[in-house]
Amino acid sequence: MTVALWCILVALFLPPLCALIAKLSSGYFGLRANHDPRAFLDKLEGLPRRAHAAQLNGYEAFPAFAAAVLVADIVGNAEQVTQDVLGVVYITSRLLYIICYLADWAVLRSLVWFVGMALIVSFFVVSI
């Protein structure tokens with residue numbers, strides 16, 4: 001399996017990592033929090049709320065990334081090393097995005113988000 005395909009798996013686990021950060025940083029993590037997790041997470045403020053928002057954005061971005069990697073892999077016109085580098089840089093951009101969200105660096109977070117989207121588009125461009 002290629003590095004780019006492994007990056008899909010890594011990207012899949014980034015949103016739950018954000019949920020864990022939201023729950024742990026809220027000061028409460030237990031059965032009560034998991035009884036109605038959506039209501040619990042919607043009531044958060046500050047860092048835990050930003051971690052939850054990063055989680056939601058991760059789930060929103062994941063399908064496009066997974067599709068881009070799979071299309072590039074199936075089409076096969078791009079060098080594998082190019083696909084692998086794009087995948088690793090995308091994961092790096094998502095990690096930076098999470099850090100920016102947690103730190104409440106809104107402008108930088110938006111810039112990093114645009115970089116991530118450009119990387120997704122790049123998978124399609126290199127496949128032409």
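Here, the structure is the one placed above.
Each chain has its residues counted from 1, running along the sequence as written. Local features in a predicted model are, by the rule used here, given only for residues with pLDDT of at least 70; side-chain atom pairs are given and counted only at 80 or more, and totals for whole chains, interfaces and linings are based on all residues. Heavy atoms throughout the structure, all of them, feed into the side-chain values; hydrogens and water do not.

Chemist: What is the right way to look at the state of the cysteines in this model?
Modeler: Two cysteines whose sulfur atoms are joined by a covalent bond form what is called a disulfide. In this description, a disulfide is simply a cysteine sulfur pair whose atoms lie within 2.5 Å. Under the defined criterion, the tally for this structure stands at zero disulfides. Free cysteine: Cys7, not disulfide-bonded; nearest cysteine sulfur from Cys18 at 17 Å. Residue exposure (1.4 Å probe, protein chains only): buried if accessible area is under 20% of the type maximum, exposed if over 50%, otherwise partly exposed. Note on Cys7: relative accessible area 6%, which makes it buried. Considering cysteine sulfurs only, Cys100 is the nearest to Cys18, which forms no disulfide, with 12 Å between them.

Chemist: Explain the packing of aromatic side chains to me, please; I cannot follow it from the model alone.
Modeler: Remark: the centre distance and the inter-plane angle together describe each pair of aromatic rings, the angle taken between the planes. Classification of ring pairs uses Phe, Tyr and Trp, with its six-membered ring standing for Trp, and accepts pairs whose centres are within 6.5 Å; under 30 degrees between planes counts as stacked, over 60 as edge-to-face, and the remaining range as tilted. Within this structure, the stated rule accounts for four aromatic pairs. A centroid spacing of 6.0 Å and a plane angle of 75° characterise the contact between Phe65 and Phe123, whose relative ring orientation is edge-to-face. Highlighted residues: Phe65 in helix H4 (residues 46-75) and Phe123 in helix H6 (residues 106-126), separated in sequence by 58 residues. For the residue pair Phe65 and Phe123, the accessibility class agrees, reading buried in each case. Ring centres of Trp113 and Phe114 lie 5.0 Å apart, and the angle between their planes is 80°; on these two criteria the pair is classed as edge-to-face. Owing to a relative accessible area of 31%, Trp113 belongs among the partly exposed residues under this scheme. According to the relative accessible area criterion, Phe114 is exposed, its value standing at 55%. Taken together, the aromatic side chains of Phe65, Tyr90 and Phe123 make up a single cluster linked through ring pairs. Its end group placed over the ring of Tyr97, Arg94 keeps NZ or CZ at 4.5 Å from the ring centre. Helix numbering and strand numbering both begin at the N terminus, where a helix is a DSSP run of H or I of at least 4 residues and a strand a DSSP run of E of at least 2. Placement of a positive charge over a ring is assigned whenever Lys NZ or Arg CZ falls within 6 Å of the ring centre and within 35 degrees of the normal to the ring plane.

Chemist: Hey, could you run me through unusual backbone geometry in this one?
Modeler: Among all residues save glycine, negative phi is the norm, and among peptide bonds the norm is trans. Positive phi, normally seen in glycine, also occurs at Asp104, with a value near 65°. Mapped onto the secondary structure, Asp104 falls in the loop between helix H5 (80-103) and H6. The class of Asp104 is partly exposed, set by a relative accessible area of 47%.

Chemist: Can you walk me through H6 in this structure?
Modeler: An α-helical segment advances 3.6 residues per turn. Residues three or four places apart therefore align on the same side. Given the number of residues in a helix, its expected span is that number minus one, multiplied by 1.5 Å. Between its first and last C-alpha, H6 extends 30 Å over 21 residues, near the 30 Å set by a 1.5 Å rise per residue. Those residues of H6 lying buried are Arg109, Val112, Gly116, Leu119, Ile120 and Phe123. Against the buried residues of H6 lie H4 and H5. The contact rule is simple, with two residues in contact once any of their heavy atoms fall within 4.5 Å.

Chemist: Any chance you could explain H5 here in plain terms?
Modeler: Compared with an ideal rise of 1.5 Å per residue, which puts 24 residues at 34 Å, H5 spans 35 Å between its outermost C-alpha atoms and is within 8% of the ideal. Once H5 ends, the next one or two residues include Asp104, with phi positive near 65°.

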